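Spelled out, the chains give:
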Amino acid sequence: MPDGSGLPEGKGSVEMGDELYHEQCSMCHGDFGTGGKGYPPLEGGHGTLKNQLGLEGTEGPRKTIGSYWPYASTLFWYIQDAMPFPHPKSLSNSETYALVGYLLMENGVEIEGE
């Protein structure tokens, strides 16, 4: 659930997530989640979804973690079930938590000010 209930046991750090991202994700999603090789960016896009309504700005909407799904639970289940692309469901719960923490940090998502 978006409130974090129902998630499995495990823990990970942003530092561990940084290492895992560079080992498992950067070859498709680029350094720091900027996108690459036909795969979507994972960061950026802040404030671009309002452009779908034609409110302001010229950049088109970009659905990224920071603009569209900044919830740890959504990221956890998506990564756990579908990533890394060549070997889905190969990450442990702790590795997935570490990647979630790293990706939220890269997108400037704060939880209780941190």
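Residues numbered from 1 in each chain as written. Predicted model: local features only at pLDDT ≥ 70, side-chain atom pairs only at ≥ 80, totals over all residues. Heavy atoms only, no water.

Draft legend 1. Representation of the packing of aromatic side chains. Inspection of every chain in the model, using the stated rule, returns 4 aromatic pairs. A centroid spacing of 5.0 Å and a plane angle of 90° characterise the contact between Phe 76 and Trp 77, whose relative ring orientation is edge-to-face. Three or more aromatic residues joined by ring pairs form one cluster here, namely Phe 76, Trp 77 and Tyr 97. (Phe/Tyr/Trp six-rings, centres within 6.5 Å; stacked < 30°, edge-to-face > 60°.)

Draft legend 2. A look at the confidence of the model for the protein chain. Per-residue confidence for the protein chain gives a mean pLDDT of 84; residues scoring 70 or more make up 87%. Element-level pLDDT for the protein chain is lowest in helix H2 (residues 26-29), with a mean of 90, against a maximum mean of 96 in helix H1 (residues 14-24). (pLDDT = per-residue confidence, 0-100. Helix = DSSP H or I, 4+ residues; strand = E, 2+ residues; numbered from the N terminus.)

Draft legend 3. Main features of the packing of H1 against helix H4 (residues 93-106). The geometry of H1 relative to H4 is characterised by a closest axis approach of 7 Å and an angle of 95° between their N-to-C directions. The orientation of H1 with respect to H4, classified from their angle, is roughly perpendicular. Here H1 contributes Val 14, Met 16, Gly 17, Asp 18, Leu 20, Tyr 21 and His 22 to the contact with H4, which in turn contributes Ser 94, Glu 95, Ala 98, Leu 99, Gly 101, Tyr 102, Leu 103 and Met 105. Within the contact of H1 with H4, the residues separate by chemical class into 9 nonpolar, 4 polar and 2 charged. (Axes fitted to C-alpha atoms, helices over the stretch in contact; angles between N-to-C directions. Parallel < 35°, antiparallel > 145°, perpendicular 65-115°, else oblique. Contact = heavy atoms within 4.5 Å. Nonpolar A, V, L, I, M, F, W, Y, C, P; charged D, E, K, R; others polar.)

Draft legend 4. How the structure looks around unusual backbone geometry. A cis amide bond links Met 83 with the next residue in sequence, Pro 84, at an omega value of -10°. Tracing the sequence through the fold places Pro 84 in the loop between helix H3 (72-82) and H4. Unusually for a residue other than glycine, Phe 32 sits at a positive phi of about 60°. Checked against the element boundaries, Phe 32 lands in the loop between H2 and H3. We classify Phe 32 as partly exposed; its relative accessible area is 45%. In the Ramachandran plot, Lys 89 falls in the positive-phi region, its phi being about 65° despite a non-glycine side chain. (Buried < 20%, exposed > 50% of the residue type's maximum accessible area, 1.4 Å probe, protein only.)

Draft legend 5. Spotlight on the state of the cysteines. Across all of its chains, the model carries 0 disulfides by this definition. Cysteine Cys 28 remains unbridged, with the sulfur of Cys 25 as its closest cysteine sulfur at 8.5 Å. Exposure remark for Cys 28: the relative accessible area of 15% places this residue in the buried category. (Disulfide = S-S within 2.5 Å.)

Draft legend 6. Looking closely at the environment of Asp 3. Relative to the assigned elements, Asp 3 resides in the segment before H1. Accessibility expressed as a relative area gives 65% for Asp 3, which makes it exposed.

Draft legend 7. Summary view of the environment of Thr 74. In this fold, Thr 74 is placed in helix H3. Separated by 26 residues in sequence, Thr 74 and Val 100 place their C-alpha atoms 9.4 Å apart.

Draft legend 8. Representation of the nonpolar core within the structure. If you look at the biggest cluster of nonpolar residues, it comprises 17 residues, and the most contacted ones within it are Tyr 21, Ile 65, Ile 79, Leu 99, Val 100 and Leu 103. Residue assignment for this core shows that the elements contributing at least two residues are H1, H3 and H4. Here the element with the most residues in this core is H4; it accounts for 7 residues. The contact partners of Leu 99, leaving out residues within four places of it in the chain, are Gly 17, Leu 20, Tyr 21, Cys 25, Ile 79 and Leu 91. (Core = buried A, V, L, I, M, F, W, Y, C linked by side-chain atoms within 4.5 Å.)

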